[in-house]
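Here is how the chains run, residue by residue.
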Amino acid sequence: MTGDNLEAARCGVRSLLEAIGQDPSREGLIDTPKRVVGAMLEMTEGYGMNPKEILERQFEGDGYQDLVIVRGIRFASLCEHHLLPFVGTASVAYLPDRRVVGLSKIPRLVECFARRLQLQERMTHQIASAMNEHLKPQGVGVHVTATHQCMACRGVRQPDADMVTTTVLGQLRESASLKAEFIAATHNR
Ligand code: ZN
């Protein structure tokens, strides 16, 4: 973001504060536009991350041919309809076709798609598609559970409701037993 863009973005936050009847020059709010813009930039850093690069380093699985599941990956994303956070956990599974990736790469991949303006449905699908495209396993499963502040704090005001989305591709879609193994693993944490 250029200096001009940055100032325009801060100006926008000042206008928003004025629109809700606040004086942006009072002590508590004086640095708020700067902080809000900074937080927005941080929460959209995923646009600068490349899923292909994240999954680039792969190695032989030495004959391991069963499900690999990484569970409980915490993430925070921004709902693109309200610019309010949705926060939750993701579980990512794949059935290797010889090649495997390092364990830490999968949370990085989740972060790459979470740190964007998102819909939970789309994010779930993007994580699965990226695994499929760049690792080429025999199957992929992604399961995401999240609470959305736009549903908790406004609108229907349901702070305890969460949203669950699942995408299964390849063998995890075709084989009922593999899909069941994946779903069971996501529930038995
Ligand atoms: Zn929303």
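Residues numbered from 1 in each chain as written. Predicted model: local features only at pLDDT ≥ 70, side-chain atom pairs only at ≥ 80, totals over all residues. Heavy atoms only, no water.

### Quick look at the sheet that holds strand β7 (residues 163-170)
Strand pairs in the sheet, formed through backbone hydrogen bonds, run parallel or antiparallel to each other.
Phase 1 of the analysis: Read across the open sheet, the five strands follow the order β5-β2-β3-β6-β7; overall the sheet is mixed. Sheet topology places β5 (117-118) and β7 at the edges, where each strand pairs with a single neighbour. (Pairing = 2+ DSSP bridges. Helix = DSSP H or I, 4+ residues; strand = E, 2+ residues; numbered from the N terminus.)

### A look at the pairing of strand β2 (residues 68-79)
Phase 1 of the analysis: As paired strands, β2 and strand β3 (residues 85-95) are joined by nine bridges and run antiparallel to one another. Directly across from Ser 77, in β3, lies its bridge partner Phe 86.
Phase 2 of the analysis: Where β2 folds back on β3, the antiparallel hairpin that results is connected by five residues, among which Leu 83 adopts a positive phi of roughly 55°.
Phase 3 of the analysis: In this sheet, β5 lies alongside β2 in parallel orientation, the contact comprising two bridges. For Cys 79, the partnering residue across the bridge sits in β5 and is Gln 118.

### Let's talk about the coordination of the zinc ion
Phase 1 of the analysis: Protein-derived ligands of the zinc ion are Cys 79 (SG), His 82 (ND1) and Cys 150 (SG), with the metal-ligand distances lying across 2.1 to 2.3 Å.
Phase 2 of the analysis: Sequence spacing of the donors to the zinc ion: C-x2-H-x67-C. Here Cys 79 is found in strand β2, whereas its partner Cys 150 is found in helix α6 (residues 149-152), with 71 residues between them in sequence.
Phase 3 of the analysis: Relative accessible area serves as the criterion here: at 12%, Cys 150 is assigned to the buried category. (Donors = N, O, S within 2.8 Å, 3.2 Å for Na, K, Ca; no water. Buried < 20%, exposed > 50% of the residue type's maximum accessible area, 1.4 Å probe, protein only.)

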